[in-house]
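Below, each chain spelled out in residue letters.
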Amino acid sequence: MHDTEPQFEELPDSLVARLKSVERSQAILDPRTDSAILDEARRYFLAGRSRRVKKPALRWALPLAAAAALLVALLVVQPFGQKRSPDDVDGSGRVDILDAFALARSQADRDRVDALAGRIVSLSPQRGEL
Amino acid sequence: MWRDERRSDEQLVDVCNDGDAEAAAEAFEALYRRHRDFVLRVARRFTRDRDLALDALQETFAYLLQKFPPAGPGLRLTAKLETLLYPVAKNSAITALRKTRRLAGGDAELDEMSGPPEVEGAPIDAALARLSPERREVVTLRFVDDLSLAEIATALEIPLGTVKSRLHLAIKDLRADPETRALFDP
């Protein structure tokens, strides 16, 4: 019971047991008092502090934002190291007739437009990809 | 609903200090469930009355509650929580008892009020009742509430040497008391 202290002031076990049994046999149980104290505590803390932050929405916000950013990067940004063709006028990632139209709209040299159109026609039949 | 027995008093007190409202309320409930019986025992010891003991219980935990924010600055445990609760429970019990005594037209001294539980036909309790209140208090804290000598000194705000002296004299009295003498030398 009191292992760390000197034993010179101990009572006989039978006497200690008797003392404890007398005091502890008189336990008072009163649910109404429990409720009153705990309700008061709850009111006290709720009145002066923030409620628990609802975290589920926040928990998904970061992954969703990351996924959206990744999707945008895949659709818009070209992979590093891939060299863009000078004929890819509209920046779509491939050379096709739209590049010729874009070049024509930019009022470029007529010869250059014809040359590009010629190259596009001579490309592979799979939609002119390089 | 109270469910956490694993956290230490220090951890629960920290949550009461800094946690959000619901976590703090849960931690306070855990502290209450853990120490309720101790406080009730102390209050009953000084009042010998169920209702007054329950009043003292409410007062004691209301006091503890006010230690935490927003009203209080926060609590830092430097000793067992019982050493903080004991004097509060004792004083709450005595105050409650004095109120009823005044209402009844009397104002007896504390020494006459406090005493061991009255159990008919219990010679050991009679021997305990013959101890001085100070010696009885130390014996009860030591052997019923299982506080160490240092914790008793903290709870009573007296020097450790005084606790040892009172305990020594109390045991000496019990050794000499005809009701308990035989228990020391079976």
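Reading the values: rules and limits
Residues numbered from 1 in each chain as written. Chains lettered and ligands numbered in written order. Predicted model: local features only at pLDDT ≥ 70, side-chain atom pairs only at ≥ 80, totals over all residues. Heavy atoms only, no water. Helix = DSSP H or I, 4+ residues; strand = E, 2+ residues; numbered from the N terminus. Buried < 20%, exposed > 50% of the residue type's maximum accessible area, 1.4 Å probe, protein only. Contact = heavy atoms within 4.5 Å. Areas by Shrake-Rupley, 256 points an atom, 1.4 Å probe, with all protein chains shown as cover. Buried area = accessible area lost by both parts, 1.4 Å probe. Salt bridge = Lys/Arg side-chain N within 4 Å of Asp/Glu carboxyl O. Polar contact = N/O pair within 3.5 Å; in protein donor to acceptor, adjacent residues only side chain to side chain. Patch = residues over 30% accessible without salt bridge, like charges linked within 9 Å, V, L, I, M, F, W, Y side chains within 5 Å. pLDDT = per-residue confidence, 0-100. Phe/Tyr/Trp six-rings, centres within 6.5 Å; stacked < 30°, edge-to-face > 60°. Core = buried A, V, L, I, M, F, W, Y, C linked by side-chain atoms within 4.5 Å. Axes fitted to C-alpha atoms, helices over the stretch in contact; angles between N-to-C directions. Parallel < 35°, antiparallel > 145°, perpendicular 65-115°, else oblique. Left-handed = near helix turned anticlockwise from the far one by under 90°. Nonpolar A, V, L, I, M, F, W, Y, C, P; charged D, E, K, R; others polar.

J.: Explanation requested: the overall build of chain B in the structure shown.
T.: Helix and strand content of chain B: 10 helices and zero strands. Ordered by position from the N terminus, the helices and strands of chain B form the series α-α-α-α-α-α-α-α-α-α. Out of the 186 residues in chain B, the part that is buried amounts to 50%. Within chain B, contacts between residues at least 6 apart in sequence are counted, and of these 59% link residues at least 24 apart. Within the structure as shown, chain B displays about 8,800 Å² of accessible surface, and the carbon and sulfur contribution to it stands at 48%.

J.: What's the story with the overall build of chain A in this structure? I'm lost.
T.: Across its full length, chain A holds five helices and zero strands. N-terminal to C-terminal, the α/β element order of chain A is α-α-α-α-α. When burial is assessed residue by residue, chain A has 27% of its 130 residues classed as buried. Pairs at least 24 apart in sequence give 31% of the contacts found in chain A among residues at least 6 apart. For chain A, the computed accessible surface area is about 9,600 Å², with 61% contributed by carbon and sulfur atoms.

J.: Would you mind showing me how to read the interface of chain A and chain B here?
T.: Interfaces are often sized by the amount of accessible area the parts lose when they come together. Counting residues at the interface gives 37 residues for chain A and 59 residues for chain B. Contact between chain A and chain B buries roughly 4,400 Å² in total, counting both sides, with carbon and sulfur atoms accounting for 61%. Summed over the three residues of chain A that lose the most area to chain B, namely Glu23, Ile28 and Tyr44 of chain A, the buried surface amounts to 17% of that side. Between the two partners, chain A and chain B, sit five salt bridges. Of the charged contacts, one joins Asp30 of chain A and Arg50 of chain B as a salt bridge, the two residues approaching to 3.8 Å between their closest N and O atoms. Counting the contacts that link chain A with chain B gives seven residue pairs in polar contact (both at pLDDT 80 or more). Those elements giving two or more residues to the side of chain A that touches chain B turn out to be α1 (13-24) and α2 (31-48) of chain A.

J.: Would you mind going over a nonpolar patch on the surface with me for this structure?
T.: A cluster of nonpolar side chains, namely Ile97, Leu98 and Phe101 of chain A, defines an oily patch on the protein surface of about 290 Å² accessible area. Structurally, Leu98 of chain A can be placed in helix α4 (residues 97-105).

J.: Would you mind going over the confidence of the model for chain A with me for this structure?
T.: Low pLDDT means the predicted coordinates in that region are not meant to be read closely. Per-residue pLDDT for chain A averages 74, and the proportion of residues at 70 or more is 69%. When the elements of chain A are averaged for pLDDT, helix α3 (residues 56-76) of chain A gives the smallest value, 73, and α2 of chain A the largest, 93.

J.: Explain the packing of aromatic side chains to me, please; I cannot follow it from the model alone.
T.: Where two aromatic rings form a pair, the distance of their centres and the angle of their planes describe that pair. In this structure the tally under the stated criterion is seven aromatic pairs over all chains. Summarising the aromatic geometry, the rings of Phe45 of chain A and Phe28 of chain B are spaced 6.2 Å apart at their centres and angled 65° between planes, so their arrangement reads as edge-to-face. Here Phe45 of chain A is found in helix α2, whereas its partner Phe28 of chain B is found in helix α2 (residues 21-47) on a different chain. You'll find Phe45 of chain A and Phe28 of chain B in the same group, each marked buried. Between the aromatic rings of Phe45 of chain A and Phe68 of chain B, the centroid separation amounts to 6.4 Å while the plane-to-plane angle is 45°, which identifies the pairing as tilted. Linking Phe45 of chain A in helix α2 with Phe68 of chain B in the loop between α3 (50-66) and α4 (81-103), this pair reaches from one chain into another. Site record: aromatic cluster; members linked through ring pairs are Tyr44 and Phe45 of chain A together with Phe28, Tyr32, Phe61 and Phe68 of chain B.

J.: Quick question: what am I supposed to make of the pattern of salt bridges here?
T.: For side chains of opposite charge, pairing can occur when their charged atoms come near one another. Applying the stated criterion across every chain yields a total of 18 salt bridges over all chains. With its nearest N and O atoms 3.6 Å apart, the salt bridge here joins Asp34 of chain A to Arg33 of chain B. Here Asp34 of chain A is found in helix α2, whereas its partner Arg33 of chain B is found in helix α2 on a different chain. Note on Asp34 of chain A: relative accessible area 9%, which makes it buried. The class for Arg33 of chain B is partly exposed, based on a relative accessible area of 26%. Here Asp34 of chain A and Arg36 of chain B are joined by a salt bridge, their closest N and O atoms 2.7 Å apart. Of this pair, Asp34 of chain A sits in helix α2 while Arg36 of chain B sits in helix α2, which puts the two residues in different chains. One salt-bridge network, held together by shared partners, links Asp34 of chain A together with Glu29, Arg33, Arg36 and Asp37 of chain B.

J.: Could you clarify how one ought to interpret the nonpolar core in this entry?
T.: Soluble globular proteins: nonpolar side chains tend toward being buried together. Counting residues in each nonpolar core, the largest one holds 66 residues, and the members touching the most others are Leu11 and Phe45 of chain A together with Phe28 and Val139 of chain B. A per-element tally of this core places α2 of chain B first, with 15 residues. Among residues more than four places away in sequence, those in contact with Leu11 of chain A are Val16 and Leu19 of chain A together with Val139, Phe143, Ile171, Leu174 and Phe184 of chain B. Ala100, Leu103, Val113 and Ile120 of chain A belong to the second largest nonpolar core, which has six residues in total.

J.: What exactly am I supposed to notice about the packing of α2 of chain A against α2 of chain B here?
T.: Two elements in contact, α2 of chain A and α2 of chain B, have axes whose closest approach is 9 Å; the angle formed by their N-to-C orientations is 150°. As summarised for this structure, α2 of chain A and α2 of chain B are arranged roughly antiparallel, according to the angle between their axes. Judged by the twist between their axes, the crossing of α2 of chain A over α2 of chain B is right-handed. The segment α2 of chain A lies against α2 of chain B, with Thr33, Asp34, Ile37, Leu38, Ala41, Arg42, Phe45 and Leu46 of chain A engaging Ala21, Ala24, Ala25, Glu26, Phe28, Glu29, Tyr32, Arg33 and Arg36 of chain B. Split by residue class, the contact of α2 of chain A with α2 of chain B holds 10 nonpolar, one polar and six charged.

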